[in-house]
Amino acid sequence: MYAKLALREVLERRTGTALAVLAIGIATASLILLGSFSLGLREGSAALYDDTVDYWVLPEGGSAQDLIVNTEKTMLGSVHRSTGDILSIPGVSGATPVLNRVMYASKAGSDPASIFAIGIIPGNFSSAPFQVDALTPGDPYYAGGDFTGEVIINDVTSGLLGIDSGDYMNLNSSGAGIVSGRHFRVVKVISTQEYSTTPVVVLHISELQELTGNRQGDRANYIVASGKDVGGQLRSLFPGDTVLGSAGYVAYAFEKDRKLGASGAAAAGVSLVISALFISTVMILSISERQKEIAVMRAMGISRGSVAKMLLFESLILSLLGGFTGILLSFLGRGLIEWGMYSLFGMRGVASMHYLILLFGLSVAVIAGMVSSIVPFIAAERIRLPEVLG
Amino acid sequence: MHLLELAGICKTYRLGNTEIRALDNISLSIGEGEFVAITGPSGSGKSTLMHIMGCVDTPTSGKQFFRGRDVSGLGSGAVSGLRLRQFGFVFQQFYLLGSLTAYENVELPMIEAGVGRRERKRRVQELLEAVGMSARAKHRPGQLSGGEQQRVAIARALSNNPSVIFADEPTGELDSAAGRKVLDLLMDVNRRYGKTLVIVSHDPQVTSVAGRVIRLLDGRLSPDVR
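Read on for an overview of the structure. (Residues numbered from 1 in each chain as written. Chains lettered and ligands numbered in written order. Predicted model: local features only at pLDDT ≥ 70, side-chain atom pairs only at ≥ 80, totals over all residues. Heavy atoms only, no water.)

Topic: the interface of chain B and chain A
As a reminder of what qualifies: Pairs of residues are marked as contacts when any of their non-hydrogen atoms sit within 4.5 Å. In short, buried area is how much 1.4 Å probe accessible area vanishes from two parts on joining, totalled over both. Salt bridges are defined by distance alone: a side-chain nitrogen of Lys or Arg within 4 Å of a carboxyl oxygen of Asp or Glu. In the analysis that follows, any N or O atom pair within 3.5 Å is treated as a polar contact, provided that within protein one partner can donate a hydrogen and the other can accept it, and provided that, for residues neighboring in sequence, both atoms belong to side chains. Runs of H or I in DSSP of at least four residues are treated as helices and runs of E of at least two as strands, each being numbered from the N terminus. Lys, Arg, Asp and Glu make up the charged group, whereas Ala, Val, Leu, Ile, Met, Phe, Trp, Tyr, Cys and Pro make up the nonpolar group; the residues left over, Gly among them, are polar.
Taken together, the contact pairs 27 residues of chain B with 25 residues of chain A. Summing both sides of the interface, chain B and chain A together bury roughly 2,300 Å²; the carbon and sulfur share of this comes to 60%. It is B:Tyr95, B:Ser99 and B:Glu112 in chain B that bury the most area against chain A; as a group they hold 24% of the surface buried on that side. Run the count over chain B and chain A and you get 3 salt bridges. The shortest N-O distance in the salt bridge between A:Arg8 and B:Glu104 comes to 2.6 Å. For the interface between chain B and chain A, the tally reads 11 residue pairs in polar contact (both at pLDDT 80 or more). Of all the secondary-structure elements, those providing two or more residues to the side of chain B that touches chain A are helix 1 (46–53), helix 2 (76–86) and helix 3 (102–113) of chain B. Looking at the side of chain B that touches chain A, the element that brings in the most residues is helix 3 of chain B, giving 6 residues. Along the lines of polarity and charge, the residues of the side of chain B that touches chain A split into 11 nonpolar, 8 polar and 8 charged.

Quick look at the structure:
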């Protein structure tokens, strides 16, 4: 009966209910979208991580953040020679310089789209995150040979550009010069659906250096290496640079997760407060309008607990309606943002919706409902029966 | 043993620096099955007295007893239970819950009292039948006339088979015909079911039919008590 009473009260307060539901919906949708972007970022960067990478050599002043966010400000130079030096260290089983850039790619006659390009030396590093054995081993162009024009793309890029294995694509560092850009042949399409929704292309590092102007100085963002207990030798080889071992990387990953977690917690907190404020406000307004009704219920002998139950039901109904509205709004928002990102930057998969994020958003709304029922209950408790009943 | 007993009840309010004495040393007792009308001019303390008798309000001093038991110091839960099971209330402005039907309004106190579904259904139907409202059981208060709403309120007051019905100006918002019907119904409740009836009213119709009239003047019992 109290649930029925609560439902009818909520449905009959149309304007108040609509405003509260919309506000909770917006707060929930914001939380879900933020979570989705965080997840999208994680998935996007997942293409770069691999458990078998033991060491990361970053330029002086560089930080672990540079592993995913490529910058022009600090880069390693003479990376082919440095990689050769690393490979000569006993115990090192593989090493490759890595150059990351956002590039413009297109199929002939199509509009360019932004994709994430990774330049490496295939064959030098057997456990690279991408299975790159389809690329010609080594770096023939750097060694004075021909430009291979070989690329491996993931299925996201394949879908984005409408190309498949054996097709050709243009690649350039700016969208304007795409037509005059280099032509590349797709030698393999790999699936990254399990860990990345970012469009990715992998190619020989020297060819990416050529496209991005990093050939002079032979520059790359960092070097990855695999091997056991070679940290000391790597550090002596790169005295002025940063060498991150697995522990450093784990610390970095932990820190990154913590930052994501902190962002999520902050967003959840804000969402919780906004939702709770709106629910409380609507409920307090409703209680001030229904003072007589509540006073009569109490006079009839309806217990405090039952009044609290009724108010809790009302708050929960509002929060559930708001939470589900938030889920709908987040899908709408994600669609709009994806459309905007694709239209402006040619990027897709920037937000990743996961049912756990949706569930989290809904849970935060429900918790807000439970928390906010306390305030109207206090307001209801303050009603002086003799004064209200006259 | 009296059903209700008040001993030296005082009630004072503070209005700024002024102390207002709403009830001044009221002592009275009401027996089982009595029909008592409380009357007096506006501001004489009638409603305050009824609220204290019905445990809706607490006295500033004095003792009150229900069936010989001191209820002055009972906690909120116990007082709620007493109101739920022993007292029924009828208000001048009916105060039915607007989002519930007539049926549900009568059923609500029974749900609170933990009456089973089947028993609830039987009793709600019986009570609505008794007040002549069974045909309008599914109507909400907004769809009922004032007289009809008051009849539903009487059925609601009777829902947990209380010992006492407290009615505050039950005919005050009704025209004379509807008022007469409501009064007849309350008298019927008193006579047929033996319920104690305490009515606060200005209505001469009420005082003329009451078995006992308590007159209040400036918070004190007037000597002309019948």
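Having seen the model, we can carry on.
Examining a nonpolar patch on the surface
All names here are of chain A. Short version of the rule: Grouping into patches uses exposed residues only, defined as over 30% relative accessible area, and leaves out salt-bridged ones; the cut-off is 9 Å for like charges and 5 Å for nonpolar side chains (Val, Leu, Ile, Met, Phe, Trp, Tyr). All accessible-area figures derive from a Shrake-Rupley calculation using a 1.4 Å probe, and residue coverage is judged against the displayed protein chains alone. Using a 1.4 Å probe on the protein chains alone, a residue whose accessible area is under 20% of its type maximum counts as buried, one over 50% counts as exposed, and one in between counts as partly exposed.
Taken together, Ile284, Ile367, Val371, Ile374, Val375 and Ile378 make up a surface patch of nonpolar side chains, about 460 Å² in accessible area. Those elements giving two or more residues to the nonpolar patch turn out to be helix 10 (355–372) and helix 11 (374–381). With respect to the element layout, Val371 can be found in helix 10. When its relative accessible area of 41% is taken as the criterion, Val371 is described as partly exposed.

A closer look at the sheet that holds strand 10 (residues 220–221) of chain B
Residues and elements named next belong to chain B. Stated formally: When DSSP finds two or more bridges between a pair of strands, those strands are recorded as paired.
Pairing in this open sheet of 6 strands is mixed, and the strands run 6-7-8-3-9-10 from one edge to the other. Pairing within the sheet leaves two strands with one partner each, and these edge strands are strand 6 (87–90) and strand 10. As judged from the 4 bridges shared by strand 6 and strand 7 (residues 164–168), these two strands associate in the parallel manner. Directly across from Gly88, in strand 7, lies its bridge partner Ile165.

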